Amino acid sequence: MSISTLPSASSAGTTPEQESEPAPPGSSRWRRAARVTRTVMVLLVLVGGAVVGGNHIVQTRVAQRAMVDAGTAVLSADPIMVGSADAGVVSEVRVTERSTVKAGQLLSTVTLTATGGRAPREQEIRAPRAGVVTRILSPGTVARAGEPVAVLYDPAKLVFTVPVSLDVLRKLRLGMRADVRGPGLSGAVTSTIAAVKPEVDGAAAANGRLTLVLQPDPAALATVRTLVPGLSFTVTVDTTTAPNGTPAVNSA
């Protein structure tokens, strides 16, 4: 008795043309090349990021070394003293401290006492130039001959003065830029090293310190004018500026 054999499921309906054929050699080479390309690109991105980060760190450290902490500055201006050549008594005052006055404006009146037997004379004390009043004698105060009845300052000539050591001074040059920060300032006021004063007080002289004069930039004058002389500020100098400037230690 013959037994018929049914075709298996795996071979049923399968033709020689439908059987899978091995991938051609060329496609494998392309896939390997693509993987290598991706790997190389990832490595290049990582190396590039490391280089950029390293450069940023180096630049930051260089910038930090270029900034010199000059210490504490005081806002100041040369005083304009106004007084009487003869002794007297202040009889009238027309302004107050912190008043802004014009050139020629009447500040006060002094009744002179040394009149040589004649009737008392009055002398008007007027502002020799525009400025801000920082001190004025009150009515009834004795005004001595040659001493100021009023003291003014010119707000356009305000400067920052910084006592510095010789070690710090040797790192600086005239014309270098400095950032001044402190009370009344919303940000840094850019200033320039303008001069070094050879005159120092006794305490500074004993410690070998000189006075650095910083001139505020014209753009910052409107802000500086609103400040009160005597306020203290911090100063940082950028030593990368004014490379050809005169060494500050040589200008003292």
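Our subject is the structure that appears above.
Residues numbered from 1 in each chain as written. Predicted model: local features only at pLDDT ≥ 70, side-chain atom pairs only at ≥ 80, totals over all residues. Heavy atoms only, no water.

(A) Broad picture of the overall build of the chain. A count of helices and strands for the chain gives four helices and 14 strands. Counting across all 252 residues of the chain, residues that qualify as buried make up 28%. Contacts in the chain between residues at least 24 apart in sequence constitute 70% of all its contacts with a sequence separation of at least 6. For the chain, the accessible area works out to roughly 15700 Å², and carbon and sulfur atoms hold 57% of it. (Helix = DSSP H or I, 4+ residues; strand = E, 2+ residues; numbered from the N terminus. Buried < 20%, exposed > 50% of the residue type's maximum accessible area, 1.4 Å probe, protein only. Contact = heavy atoms within 4.5 Å. Areas by Shrake-Rupley, 256 points an atom, 1.4 Å probe, with all protein chains shown as cover.)

(B) Geometry of the sheet that holds strand E3 (residues 88–93). Strand order across the open sheet formed by four strands is E6-E5-E3-E8, with antiparallel pairing between neighbours. The outermost strands of the open sheet, each flanked by one partner alone, are strand E6 (122–126) and strand E8 (142–143). (Pairing = 2+ DSSP bridges.)

(C) Broad picture of the side chain of Ser-108. Tracing the backbone shows Ser-108 in strand E5 (residues 106–112). Discounting chain neighbours no more than four positions away, the residues touching Ser-108 are Glu-92, Val-93, Arg-94, Gln-123, Glu-124, Ile-125, Ile-136 and Val-149.

(D) Geometry of the packing of aromatic side chains. As enumerated under the stated definition, the model contains one aromatic pair in all. Seen from their ring centres, Phe-160 and Phe-233 are 5.3 Å apart, and the 80° between their planes marks the pair as edge-to-face. Residue Phe-160 is found in strand E10 (residues 159–165), and its partner Phe-233 is found in strand E14 (residues 232–238); the two are separated by 73 residues along the sequence. Using a relative accessible area of 0% as the deciding quantity, one classes Phe-160 as buried. (Phe/Tyr/Trp six-rings, centres within 6.5 Å; stacked < 30°, edge-to-face > 60°.)

(E) Examining the pattern of salt bridges more closely. Tallied over the entire structure, the rule returns four salt bridges. Between Asp-217 and Arg-177 there is a salt bridge; the shortest N-O distance is 2.4 Å. Taken as a pair, Asp-217 in the loop between strand E13 (209–216) and helix H4 (221–224) and Arg-177 in strand E11 (residues 177–181) lie far apart in primary sequence, 40 residues in all. The exposure class of Arg-177 is partly exposed, given its relative accessible area of 32%. (Salt bridge = Lys/Arg side-chain N within 4 Å of Asp/Glu carboxyl O.)

(F) Broad picture of a positive patch on the surface. On the surface, Arg-29, Arg-31, Arg-32, Arg-35 and Arg-38 cluster together into a positively charged patch. When you line up the elements, Arg-32 lands in helix H1 (residues 25–66). Owing to a relative accessible area of 45%, Arg-32 belongs among the partly exposed residues under this scheme. (Patch = residues over 30% accessible without salt bridge, like charges linked within 9 Å, V, L, I, M, F, W, Y side chains within 5 Å. Lys, Arg positive; Asp, Glu negative; His and termini not counted. Charge placed at Lys NZ, Arg CZ, Asp CG, Glu CD.)

(G) Expanded view of the environment of Gly-187. Tracing the backbone through its elements, the reader meets Gly-187 in the loop between E11 and strand E12 (189–197). Owing to a relative accessible area of 29%, Gly-187 belongs among the partly exposed residues under this scheme. Aside from chain neighbours lying at most four places away, what touches Gly-187 is Val-180 and Arg-181.

(H) Just the sheet that holds E13, in detail. Reading around the barrel, the six strands line up as E1-E10-E13-E12-E11-E14 and close back on themselves, with antiparallel pairing between neighbours. Pairwise comparison of adjacent strand axes, ignoring direction, gives a mean angle of 40° for this sheet. Alignment of strand E1 (residues 67–76) against E14, held across seven bridges, turns out to be antiparallel. Pairing of Val-68 across the sheet is with Val-237, part of E14. (Axes fitted to C-alpha atoms, helices over the stretch in contact; angles between N-to-C directions.)

(I) How the structure looks around the environment of Asp-154. With respect to the helices, strands and loops of the structure, Asp-154 is situated in the loop between strand E9 (148–153) and E10. A sequence separation of 75 residues divides Asp-154 from Pro-79, and the C-alpha atoms of the two residues are 8.1 Å apart. Those residues in contact with Asp-154 that lie beyond four places of it in its chain are Ala-77, Ile-80, Ala-130 and Gly-131. At a separation of 3.0 Å, a polar atom in the side chain of Asp-154 contacts the main-chain amide nitrogen of Ala-156. (Polar contact = N/O pair within 3.5 Å; in protein donor to acceptor, adjacent residues only side chain to side chain.)

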